Amino acid sequence: MRAKKKKMSSIYIFPVLFFIICLSYIIRFMFFSIETEIVKYDSIENSIKTKALIVRNESTTMLPAGVEINYTVSEGERVALGKKILEIVKSDQADENISLKIKQLDDRIQEIKQADINNNFFSKDKEKIENQIKDRVADLKSIAKAGELERLDEVKNDLAANLYKKSLIYGEGSFFGKNLEQLQKEKAVLEEIYNNSIDVIYAQAPGVVSHSLDGYEQILCIGNIKDFKLNNIREIMNSLEAGNRGNGQNTTAGVKIVDNFEWYICSLISIEQTKDLKPGKKIRLRFPELENAEVNAEVHEVSQPEGGINMVIIRINEHVNDFQKKRIAEVDIIKNYNEGFTVPAKALVVKDNIKGLYVLKKGIVKFIPVAVMNEEKERCLVRNLDKEELNLNSEYESLKIFDEVITTTERVKENQVLTDKI
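Here we summarise the structure given alongside this text. As the structure is a computational prediction, the values presented were derived from the model and not from experiment.

Attention shifts here to unusual backbone geometry. In this structure, Asn-292 is a non-glycine residue whose phi angle is positive, near 55°. For Phe-402, which is not a glycine, the phi torsion comes out positive at approximately 75°. Position of Phe-402 among the secondary structure elements: in the loop between α7 (387-390) and β17 (404-406).

In structure tokens form, the structure reads like this:
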């Protein structure tokens, strides 16, 4: 019986010992194990994806129908002042078309000169014109959705006519009314062509050549920026987007020289996204539709909010290929761009009111102060502090790529030796 009892007890000893060993490892793993993660170098950008109107200075010349054009400069080519751009081959039909165009321009010039912003007739018609424009924009959207392209040109022409009427009602000194000088220039050029005094068009300013006009050259110019209103910009963007969905960008025959070294974008952005956008702030812009071109830029103006939306105007002093072909474009506004070490957010600790990390250096736990550049729920981007920023008597090692940062910070202390990590 004694031998049998000894045999039975020995059978239970080994499972109990095995259970105790397993339990000790589990306890150690759960409460005493030290977890680490390798430091990596990365970048984080804080950006806004939006659509924006492109605003630029453009010297334009409208070309009459019925004439043969021989371009001597390619689309997108940069030219100097006075460079020959194109030759006009005239005909009897061309003369008739030019004469008609001159009369239309003259009528517009006279109407603008006679328009009085304080006139009661214009004041009463403002609301009527606004409603007509909204109706035409709604029509364009429904046409684009239904695919009724046969009505597209008619509605677009009505919209253009209403926008022009609005420019007259708002007066010569307004945002929409400042096209008198340009109309007079166009008329003078056509009169010279009609009188056979010229048959060649030369560049009236240095810049990039474009072979088409979109009708917004006089409205969306740099000189008008101070008069931009949020509702005006929204109206133009809606009109352009509706037209683009229907049949591409609406352009007419003509030639223009575009200033490619000072131009602006204008966008409508929520208040939340514009919190840290202030006039004078240096930022970067990316244009996904223009081969992801990136340029440096500066915030020019941020309007007062209306309905939770701000109008943001940004100034650019760099060239982007083919930007003259776009009036509305997708833009990434990069507010902040930082490069540094990416570490888990839970690895951050505060020691003596200094943020830092516990890092393994040759098996010893070292505290390294860092500056946090970007912090999210799970990851953060940090950099080493400069000597001036530290302003401390103690010397600290620097964080390096491939270092091991400790994520179970509550289980270690500074200068602790971890034998299994040596």
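Picking up after the structure, the text goes on.
With that settled, consider the pairing of strand β12 (residues 328-344). Most of β12 is tucked away: 12 of the 17 residues are buried. Bridge analysis of strand β2 (residues 40-62) against β12 gives 14 bridges, and the strand direction is antiparallel. Directly across from Lys-49, in β12, lies its bridge partner Asp-332. Summarising the sheet, strand β9 (residues 282-287) and β12 pair through 3 bridges and their orientation is antiparallel. Considered in β12, the bridge of Leu-285 is made with Ile-333.

With that settled, the discussion passes to the environment of Ala-293. Residue placement: Ala-293 occurs in strand β10 (residues 293-302). C-alpha of Ala-293 to C-alpha of Val-320: the two residues are 27 residues apart in sequence and 6.7 Å apart in space. Setting aside residues up to four positions removed in sequence, Ala-293 forms contacts with Leu-285, Arg-286, Phe-287 and Val-320.

Turning our attention to the sheet that holds strand β3 (residues 68-71). Strand order in this open sheet of 3 strands is β3-β5-β6, and the pairing throughout is antiparallel. Each edge of the open sheet is held by one strand with a lone partner, namely β3 and β6 (200-202). Strand-to-strand, the axes of this sheet are offset by a mean angle of 20°, without reference to chain direction. Pairing of strand β5 (residues 84-89) with β6, which is carried by 3 bridges, proceeds in the antiparallel orientation. Residue pairing for β6: Glu-87 is matched across the bridge by Val-200.

With that settled, the discussion passes to the environment of Cys-221. Examined against the element boundaries, Cys-221 turns out to sit in the loop between β7 (207-213) and α6 (230-247). The buried category is assigned to Cys-221, whose relative accessible area is 15%. As a C-alpha pair, Cys-221 and Tyr-264 span 43 residues in sequence and 9.0 Å in three-dimensional space. Here Cys-221 is in contact with Val-55, Arg-56, Asn-57 and Phe-228, once residues within four sequence places are set aside.

Inside soluble globular proteins, nonpolar side chains tend to come together where they are buried. Grouped together as the largest cluster of nonpolar side chains are 29 residues, with contacts concentrated most on Leu-53, Leu-220, Phe-228, Ile-233, Cys-266 and Met-311. Among the secondary structure elements, those contributing two or more residues to this core are β2, α3 (120-146), α4 (152-169), α6, β8 (252-270) and β11 (309-316). No other element matches the 6 residues that α6 contributes to this core. The residues contacting Cys-266, other than those within four sequence positions of it, are Ala-52, Leu-53, Val-55, Phe-228, Ile-233, Met-311, Val-312 and Ile-313.

Time to look at the pattern of salt bridges. Under the defined criterion, the tally for this structure stands at 27 salt bridges. As a salt-bridge pair, Lys-51 and Glu-241 come within 3.3 Å of each other at their nearest N and O atoms. Here the residue Lys-51 occupies a position in strand β2, and Glu-241 occupies one in helix α6, the gap between them amounting to 190 residues. In the salt-bridge network here, residues are joined through shared partners; they are Glu-45, Lys-49, Arg-284, Arg-286, Glu-294 and Asp-332.

Empty space among the atoms becomes visible once a probe the size of a water molecule is rolled across them. A full pass over the atoms with the stated rule returns 1 cavity of 30 Å³ or more. Of the voids in this model, the largest cavity is the one considered here, and its volume is about 40 Å³. Lining the largest cavity are Ser-59, Thr-60, Thr-61, Ile-85, Ile-201, Tyr-202, Ala-203, Gln-204, Val-255, Lys-256 and Ile-257. Of all the elements in the fold, those that place two or more residues in the lining of the largest cavity are β2, β6 and β8. Each residue belonging to the lining of the largest cavity can be placed in one class, and the counts come to 6 nonpolar, 4 polar and 1 charged.

Bringing the environment of Lys-325 into the picture now. Checked against the element boundaries, Lys-325 lands in the loop between β11 and β12. The exposure class of Lys-325 is partly exposed, given its relative accessible area of 45%. Note: C-alpha distance between Lys-325 and Ser-210 (115 residues apart in sequence) is 7.4 Å.

What counts, and at which threshold
Residues numbered from 1 in each chain as written. Predicted model: local features only at pLDDT ≥ 70, side-chain atom pairs only at ≥ 80, totals over all residues. Heavy atoms only, no water. Helix = DSSP H or I, 4+ residues; strand = E, 2+ residues; numbered from the N terminus. Buried < 20%, exposed > 50% of the residue type's maximum accessible area, 1.4 Å probe, protein only. Pairing = 2+ DSSP bridges. Contact = heavy atoms within 4.5 Å. Axes fitted to C-alpha atoms, helices over the stretch in contact; angles between N-to-C directions. Core = buried A, V, L, I, M, F, W, Y, C linked by side-chain atoms within 4.5 Å. Salt bridge = Lys/Arg side-chain N within 4 Å of Asp/Glu carboxyl O. 1 Å grid on protein atoms, 1.4 Å probe; cavity = no way out; pocket = protein on both sides within 12 Å on 5 of 7 lines; lining within 4 Å. Points joined across faces, edges and corners; volume = space filled by probe spheres on them. Nonpolar A, V, L, I, M, F, W, Y, C, P; charged D, E, K, R; others polar.

The values are spatial; any link to function lies outside them.
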